[in-house]
Amino acid sequence: MSLAVALCAGGLVSLVGSMAAASVLVLYYKPVLVAQLYIRYSLFKIGMQIKYQKAGDMTFCYAERGKGTSGKPTMLFLHGFSGSKDMWTPAIKALPSDIHVICVDMPGHGDTTRKMKDDYSLVTQAEKVHQFVEAYGLNSSPFHLVGISMGGGVAGVYAAMYPQDLDKLTLFCPIGINSPQQSQYAKDMMKDTSEVPLPQIGRASCRERV
């Protein structure tokens, strides 16, 4: 082996070793960054694009696939408490590619505007989602609204408040539906106390206005 080839091989091994070490350091010190990059790659892989929409005093972040030109209703997905638009990736992957899909970060979640003093009741969140819908122009034709957990509760309230907007409604384990026996968490959420974590759901204001 010539000296030049040996030096080149040695340099390549050194480069690969440095890259591996850098990757380990990033994974160790910035695991959230690694997770975010993986999530963004997963969205990109299924054709989703990250976009932003100004609506009143809110800026909504959402992921979108398609243009709504197939004649099928657009599907708007609302995630659960402490989640984000990214949680819908496996579901979107399983849908036909010609369906126009929008997954939005709910108020106070993900990259959508977060204000700790805002009202996060189901009704107020439904109103803010409606602001997004109008700003985007999504209700120019009836759409299919899908929600899970907290997002399911918001979707149900949205359907009651703005039925003219919807073609279909799909709810997965929606919060706000009474069960024969309430969990301790549900009981705590019903208390009007500053110790209850956001979002503030199940309050009397929601029951009275819907």
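Conventions adopted
- Residues numbered from 1 in each chain as written.
- Predicted model: local features only at pLDDT ≥ 70, side-chain atom pairs only at ≥ 80, totals over all residues.
- Heavy atoms only, no water.
- Helix = DSSP H or I, 4+ residues; strand = E, 2+ residues; numbered from the N terminus.
- Buried < 20%, exposed > 50% of the residue type's maximum accessible area, 1.4 Å probe, protein only.
- Contact = heavy atoms within 4.5 Å.
- Core = buried A, V, L, I, M, F, W, Y, C linked by side-chain atoms within 4.5 Å.
- Pairing = 2+ DSSP bridges.
- Salt bridge = Lys/Arg side-chain N within 4 Å of Asp/Glu carboxyl O.
- Axes fitted to C-alpha atoms, helices over the stretch in contact; angles between N-to-C directions.
- Parallel < 35°, antiparallel > 145°, perpendicular 65-115°, else oblique.
- Nonpolar A, V, L, I, M, F, W, Y, C, P; charged D, E, K, R; others polar.
- Patch = residues over 30% accessible without salt bridge, like charges linked within 9 Å, V, L, I, M, F, W, Y side chains within 5 Å.
- Areas by Shrake-Rupley, 256 points an atom, 1.4 Å probe, with all protein chains shown as cover.

A. Region of the structure containing the environment of methionine 48. Tracing the sequence through the fold places methionine 48 in the loop between α2 (31–45) and β1 (49–55). For methionine 48, a relative accessible area of 5% gives the class buried. Residues methionine 48 and glycine 66, spaced 18 residues apart in sequence, show a C-alpha to C-alpha distance of 8.2 Å. Among residues more than four places away in sequence, those in contact with methionine 48 are Leu43, Ala63, Glu64, Arg65, Ile92, Val101 and Cys103.

B. Here's a closer look at the nonpolar core. Counting 26 residues, the largest nonpolar core has Leu76, Leu78 and Tyr158 as its most contacted members. Where this core is concerned, the elements lending two or more residues are β2 (58–65), β3 (75–78), β4 (101–104), α4 (122–136), β5 (143–148) and α5 (150–161). Aside from chain neighbours lying at most four places away, what touches leucine 76 is Ile102, Val104, Val129, Phe132, Val133, Leu138, Phe143, His144, Leu145 and Val146. Formed by 12 residues, the second largest nonpolar core is a distinct cluster that contains Ile46, Ala63, Val101 and Cys103.

C. A look at the pairing of β2. Counting buried residues along β2, 7 of its 8 residues qualify, which places the element largely inside the surrounding structure. Where β1 and β2 come together, 7 bridges link them in antiparallel fashion. Opposite isoleucine 50, over in β2, you have alanine 63 as the bridge partner. Here β2 pairs with β4 via 4 bridges, running antiparallel. Opposite tyrosine 62, over in β4, you have valine 104 as the bridge partner.

D. Structural context of the pattern of salt bridges. The tally for this structure, following the rule as stated, stands at 6 salt bridges. Aspartate 57 is the salt-bridge partner of lysine 115, the closest N and O atoms lying 3.1 Å from each other. With lysine 115 in the loop between β4 and α4 and aspartate 57 in the loop between β1 and β2, the pair connects residues that are 58 residues apart, well separated along the chain. Given a relative accessible area of 48%, aspartate 57 falls into the partly exposed group.

E. Focus on the packing of α4 against α5. Where α4 meets α5, the closest approach of the two axes is 8 Å, and the angle between their N-to-C directions is 70°. Taken as axis vectors, α4 and α5 run roughly perpendicular relative to one another. Where α4 approaches α5, its residues Leu122, Val123, Gln125, Ala126, Glu127, Val129, His130 and Val133 are matched on the opposing element by Met150, Gly153, Val154, Val157, Tyr158 and Met161. Considered class by class, the residues forming the contact of α4 with α5 number 10 nonpolar, 3 polar and 1 charged.

F. A nonpolar patch on the surface, seen in detail. On the surface, Tyr38, Tyr41 and Phe44 cluster together to form a nonpolar patch covering roughly 420 Å² of accessible area. Assignment of secondary structure puts tyrosine 41 in helix α2. Classification of tyrosine 41 by relative accessible area gives partly exposed; the value is 47%.

G. Examining the sheet that holds β5 more closely. Spatial ordering of the open sheet is given by β1-β2-β4-β3-β5-β6, a layout of 6 strands whose pairing is mixed. In this open sheet, the two edge strands, each paired with only one partner strand, are β1 and β6 (166–172). Mean inter-strand twist for the sheet, computed between neighbouring axes without regard to direction, equals 25°. As paired strands, β3 and β5 are joined by 4 bridges and run parallel to one another. Residue pairing across strands places leucine 78 opposite glycine 147, the latter belonging to β5.

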